[in-house]
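Residues per chain are reported as follows:
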Amino acid sequence: MSFTDKAKNKAQEMTGMAKERIGDATDNERLRAEGASEQSTARAKQAGENVKQAGHDVKDAFEK
């Protein structure tokens, strides 16, 4: 996973956190749900990238 991908995923996660907290503070259920959804999406992307990287690591280990 490139640094750019990590940064984008982290930024999306932080944006989701902010939306969720603003939704909590203003009692806005739509904003709260949107924030939670963004966080979940970012975490899923990070997990997918981690699995992909692990696959590359395993492949590299067997090639040595």
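Structure first, text after, so check above.
So, here's what we can say about the structure.

The next thing to look at is the packing of helix α1 (residues 3-26) against helix α2 (residues 29-63). Taken N-terminus to C-terminus, the directions of α1 and α2 make an angle of 160 degrees; their axes are 7 Å apart at the nearest point. What the angle tells us is that α1 and α2 run roughly antiparallel. Considering the relative orientation of α1 and α2, their crossing is left-handed. A class-by-class count of the residues in the contact of α1 with α2 yields five nonpolar, nine polar and twelve charged.

This paragraph deals with the environment of F62. By the secondary structure assignment, F62 is in helix α2. Sequence separation between F62 and A47 is 15 residues; the distance between their C-alpha atoms is 23 Å.

Turning our eyes to something else, we now look at the pattern of salt bridges. Under the counting rule described, the total for this entry stands at nine salt bridges. Ionic pairing is found between E13 and K10, a salt bridge with its closest N-O pair at 3.4 Å. Placement of both E13 and K10 in helix α1 is noted, with a separation of three residues, approximately one turn of the helix. Close ionic contact of K19 with E38 constitutes a salt bridge, the shortest N to O distance being 2.6 Å. Taken as a pair, K19 in helix α1 and E38 in helix α2 lie far apart in primary sequence, 19 residues in all. Looking at K19, the relative accessible area reads 21%, which means it is partly exposed. A relative accessible area of 16% means that E38 is categorised as buried. Where salt bridges share partners, they join K19, R30, E34 and E38 into one cluster.

Cut-off values and rules
Residues numbered from 1 in each chain as written. Predicted model: local features only at pLDDT ≥ 70, side-chain atom pairs only at ≥ 80, totals over all residues. Heavy atoms only, no water. Axes fitted to C-alpha atoms, helices over the stretch in contact; angles between N-to-C directions. Helix = DSSP H or I, 4+ residues; strand = E, 2+ residues; numbered from the N terminus. Parallel < 35°, antiparallel > 145°, perpendicular 65-115°, else oblique. Left-handed = near helix turned anticlockwise from the far one by under 90°. Nonpolar A, V, L, I, M, F, W, Y, C, P; charged D, E, K, R; others polar. Salt bridge = Lys/Arg side-chain N within 4 Å of Asp/Glu carboxyl O. Buried < 20%, exposed > 50% of the residue type's maximum accessible area, 1.4 Å probe, protein only.

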